Amino acid sequence: MTKKIFWQDPYLTELETTIASIDGNQVTVAETIFYALSGGQESDAGTIGGYKVLDAKKEGMEIFYTLEDGHTLQVGNPVKMVIDWERRHRLMRLHFAAEIVLELVMRRFPEIIKVGAHIAQEKARIDFAWDQTISPYLPALQQEAQAIVDADQEIISAFSDVALERRYWKINEFSEVPCGGTHVKTTREIGTIRLKRSNPGKGRERIEIYVS
Ligand SMILES: [Zn+2]
């Protein structure tokens, strides 16, 4: 099973590892810094052994990488893995901005139900099932989230269960939140948060999150 170095060091952009298995264009590696879509956070972009990774897929605790055509890799080959740091860092900032917004919304409206979340490079979004509108709370929500960011709180990310690879994060403000994504070290790193509300359907509320 791939050792997930992106948890112990989410700031690593290059890694020397070895090819653990090959099935056509799909490979696994001994250790990885290349995140695969999970918990709403999109996959990284990058290369393995100089070959572009077209897709990263998490299945159970394994991660399968699909490489571009024409690779000549063999099992046991040492390879260098490189990820697109600009993309990853935006994903980490947007991810944690979304975490803060979600916790604040749940605290304010305990009856609201989260039905989806997605973190892309340009923006994040959280979807709720709710029969009211979040609009009147949005300016205060943005301020509250920004205050937590500006307080430059340390973000603790750790295992709650090593064998099952269950992770959580924690800041002063909230109790432990289960999450297997990659997180920044402190809230200040997020920058400036901007929120937008939309209504993707009846009984649905969406909050879009931007960072700059
Ligand atoms: Zn998270």
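Whatever comes next refers back to the structure up there.
Everything numeric here is computed off the predicted structure, so don't read it as measured data.

With that settled, consider the overall build of the chain. Counting its regular elements, the chain contains three helices and 15 strands. Here the chain has a C-alpha radius of gyration of 18 Å; the compact-globule value for 212 residues is 17 Å, and the two agree. In terms of principal-axis extent, the alpha carbons of the chain reach across some 60 × 35 × 30 Å. Counting over 212 residues, the chain shows a buried share of 46%. A sequence separation of at least 24 residues applies to 64% of the contacts in the chain between residues at least 6 apart.

Now for the pattern of salt bridges. Evaluated as defined, the whole model comprises 10 salt bridges. A salt bridge links K196 to E208; its shortest N-O distance comes to 3.9 Å. Linking K196 in strand β14 (residues 193–198) with E208 in strand β15 (residues 204–211), this pair joins segments that are 12 residues apart in sequence. Judged by its relative accessible area of 42%, K196 is partly exposed. A relative accessible area of 11% places E208 in the buried class.

In contact at an axis separation of 10 Å, helix α2 (residues 85–108) and helix α3 (residues 138–150) are set at 125° when each is read in the N-to-C sense. Classified by the interaxial angle, the pair formed by α2 and α3 is oblique. Classified by chirality, the crossing of α3 by α2 is right-handed. Together, I100, V101, L104 and V105 of α2 and L141, E144, A145, I148 and V149 of α3 make up the contact between the two elements. Its residues assigned to classes, the contact of α2 with α3 comprises eight nonpolar, no polar and one charged.

Each strand in a sheet pairs with its neighbour through backbone hydrogen bonds, running either in the same direction (parallel) or in the opposite one (antiparallel). Spatial ordering of the open sheet is given by β9-β10-β15-β14, a layout of four strands whose pairing is antiparallel. At either end of the open sheet lies a strand with only one pairing partner, and these are β9 (113–119) and β14. Adjacent strand axes in the sheet meet at a mean angle of 20°, parallel and antiparallel pairs treated alike. Pairing of strand β10 (residues 124–129) with β15 involves six bridges; the strand directions are antiparallel. Each residue of the ladder has a partner; that of R125, found in β15, is E208. Relative to the sheet, α2 contacts β9, β10, β14 and β15, its axis offset from that of β15 by approximately 140°. Here α3 sits on the sheet in contact with β14 and β15, set at roughly 150° to β14.

What follows is about the coordination of the zinc ion. Surrounding the zinc ion are the protein donor atoms H95 (NE2), E99 (OE), C179 (SG) and H183 (NE2), at 1.7 to 2.3 Å. Relative to the metal, the four donor atoms surrounding the zinc ion lie at angles of 100 to 127°, and the coordination shape comes out tetrahedral. Mapped onto the polypeptide sequence, the residues donating to the zinc ion form the spacing pattern H-x3-E-x79-C-x3-H. C179 gets classed as buried once you look at its relative accessible area, which sits at 15%.

Conventions used here
- Residues numbered from 1 in each chain as written.
- Predicted model: local features only at pLDDT ≥ 70, side-chain atom pairs only at ≥ 80, totals over all residues.
- Heavy atoms only, no water.
- Helix = DSSP H or I, 4+ residues; strand = E, 2+ residues; numbered from the N terminus.
- Rg over C-alpha atoms; globule rule 2.2 N^0.38 Å.
- Buried < 20%, exposed > 50% of the residue type's maximum accessible area, 1.4 Å probe, protein only.
- Contact = heavy atoms within 4.5 Å.
- Salt bridge = Lys/Arg side-chain N within 4 Å of Asp/Glu carboxyl O.
- Axes fitted to C-alpha atoms, helices over the stretch in contact; angles between N-to-C directions.
- Parallel < 35°, antiparallel > 145°, perpendicular 65-115°, else oblique.
- Left-handed = near helix turned anticlockwise from the far one by under 90°.
- Nonpolar A, V, L, I, M, F, W, Y, C, P; charged D, E, K, R; others polar.
- Pairing = 2+ DSSP bridges.
- Donors = N, O, S within 2.8 Å, 3.2 Å for Na, K, Ca; no water.
- Tetrahedral: all angles 85-135°; square planar, octahedral: opposite > 155°, others 65-115°.

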